[in-house]
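Next come the chains, spelled out residue by residue.
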Amino acid sequence: MAPKFAFLICGIFQRFFWKDIPLNLVKPLTEKGSTVHIYYSLVNVSTFHVNIGSKEDYKDSAHFHETVFEKSVEIAEGHVKFAEIRQKDFEISDDFSGSTNDIMGMYSPTASSRAAKDGLNVIKRFECATHLYNMAVKNMKAEGQDYDVVGLLREDMGYTKPFGHDMAKWYDANTPNSMYTRDCKRYSALSDKAFLFGKDAARKFLPQVNKYIYNAKAIKEERPDLFGSYHTKNAEQYLQQLAKYLEIKVCIIPFSQLPVSDVVYEPDEGGEMSLCFKKQYIERGCFYKDRGFNIDEKTELLKKICKHH
């Protein structure tokens, strides 16, 4: 039986590159018989400036989620099950139990490094992910079904190829306690750009991920072998150690099997605005040796890497 998917999408409304989702995420899965449900929560940041391809991409929020995006997903035979565009971001407590420097290193919100803001954004994203996962659980109970795979995606993701084309290489219904991340920009741990969770792994990880950040001192004292400063020097390493602590099987899969990366609009050679992949988040090493991309796909992908971002 084809697996049921729930995808959780968090981020900034003005940076939501949504047009790829119906075509390259939803449709390839529904064509294989999968159920695909989308849950998203975006914050409307009026002061956020982004190079957009067309003003039509970012109409007012009500128009967007009631018509444009939802209908596009339905055409691809998926469903938007929960949608909100918030006027305020999630509030994050600054009352940490002990220094979090020992659990997220320079990415700790309490650190003095420039990366502290990035760490705070990671915490906000997982606060959102927990919120959306709770919505998905509520929906599952109401409909009497369970999701086999829960995906967590950022809002500014583009697709290097359709998702799920070789899903059989990684998905196994008999391993629901697995989480998957792509083999690209892992910083000696887990890439935090995108995750896939089996249903048991999602149940363990998503409701808990920020709990241990807020109680860094306690978790470090309990398991210094996992959360000592030597083991967690950044957000990626914290997420890896948390998976070990929760006894979740971590699977690093080829970039071609989780083919998403950060995108932005840039003018092309003709001066038209077009989407490109941020070069700092996609290296040739991520895809060039990946046998999941053929030579033509690799050549095209190289053309789509941004020149200025």
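Below is a summary of the structure that appears in this document.

How each quantity is defined
- Residues numbered from 1 in each chain as written.
- Predicted model: local features only at pLDDT ≥ 70, side-chain atom pairs only at ≥ 80, totals over all residues.
- Heavy atoms only, no water.
- Core = buried A, V, L, I, M, F, W, Y, C linked by side-chain atoms within 4.5 Å.
- Buried < 20%, exposed > 50% of the residue type's maximum accessible area, 1.4 Å probe, protein only.
- Helix = DSSP H or I, 4+ residues; strand = E, 2+ residues; numbered from the N terminus.
- Disulfide = S-S within 2.5 Å.
- Pairing = 2+ DSSP bridges.
- Axes fitted to C-alpha atoms, helices over the stretch in contact; angles between N-to-C directions.

1. Structural notes on the nonpolar core
Okay, step 1: With 42 residues, the main nonpolar core has Phe 126, Phe 197, Phe 205, Leu 206 and Tyr 238 as its most contacted residues.
Okay, step 2: Of all the secondary structure elements, the ones that give two or more residues to this core are β1 (4-12), α4 (116-143), β4 (149-154), β7 (194-198), α5 (199-205), α6 (211-214), α8 (224-227) and α9 (235-245).
Okay, step 3: Here the element with the most residues in this core is α4; it accounts for nine residues.
Okay, step 4: Residues Tyr 40, Met 167, Tyr 171 and Leu 196 belong to the second largest nonpolar core, which totals 34 residues.

2. So, the state of the cysteines
Okay, step 1: With the rule as written, the count across this model stands at two disulfides.
Okay, step 2: Disulfide partner of Cys 10: Cys 128, at an S-S distance of 2.1 Å. Note on the Cys 10 and Cys 128 pair: the S-S dihedral is about -90°, so by sign convention the disulfide is left-handed. With Cys 10 in strand β1 and Cys 128 in helix α4, the pair connects residues that are 118 residues apart, well separated along the chain. Taken individually, Cys 10 and Cys 128 each receive the classification buried, so the pair is uniform in this respect.
Okay, step 3: Between the sulfur atoms of Cys 276 and its disulfide partner Cys 306 the distance amounts to 2.0 Å. Between Cys 276 and Cys 306 the sulfur-sulfur dihedral comes to about 95°; the bridge is accordingly right-handed. Taken together, the positions of Cys 276 in strand β10 (residues 273-277) and Cys 306 in the segment after α11 (295-303) put the pair 30 residues apart, joining distant regions of the chain. Summarising the burial analysis for this pair, Cys 276 and Cys 306 share the class buried.

3. Quick look at the sheet that holds strand β9 (residues 260-267)
Okay, step 1: The strand order across the open sheet built from three strands is β5-β9-β10, with neighbouring strands paired in antiparallel fashion. Because the sheet does not close on itself, it has two edges, and the strands there are β5 (157-159) and β10. Strand-to-strand twist in this sheet, taken as the mean axis angle between neighbours without regard to direction, amounts to 60°.

None of this, on its own, says anything about what the molecule does.
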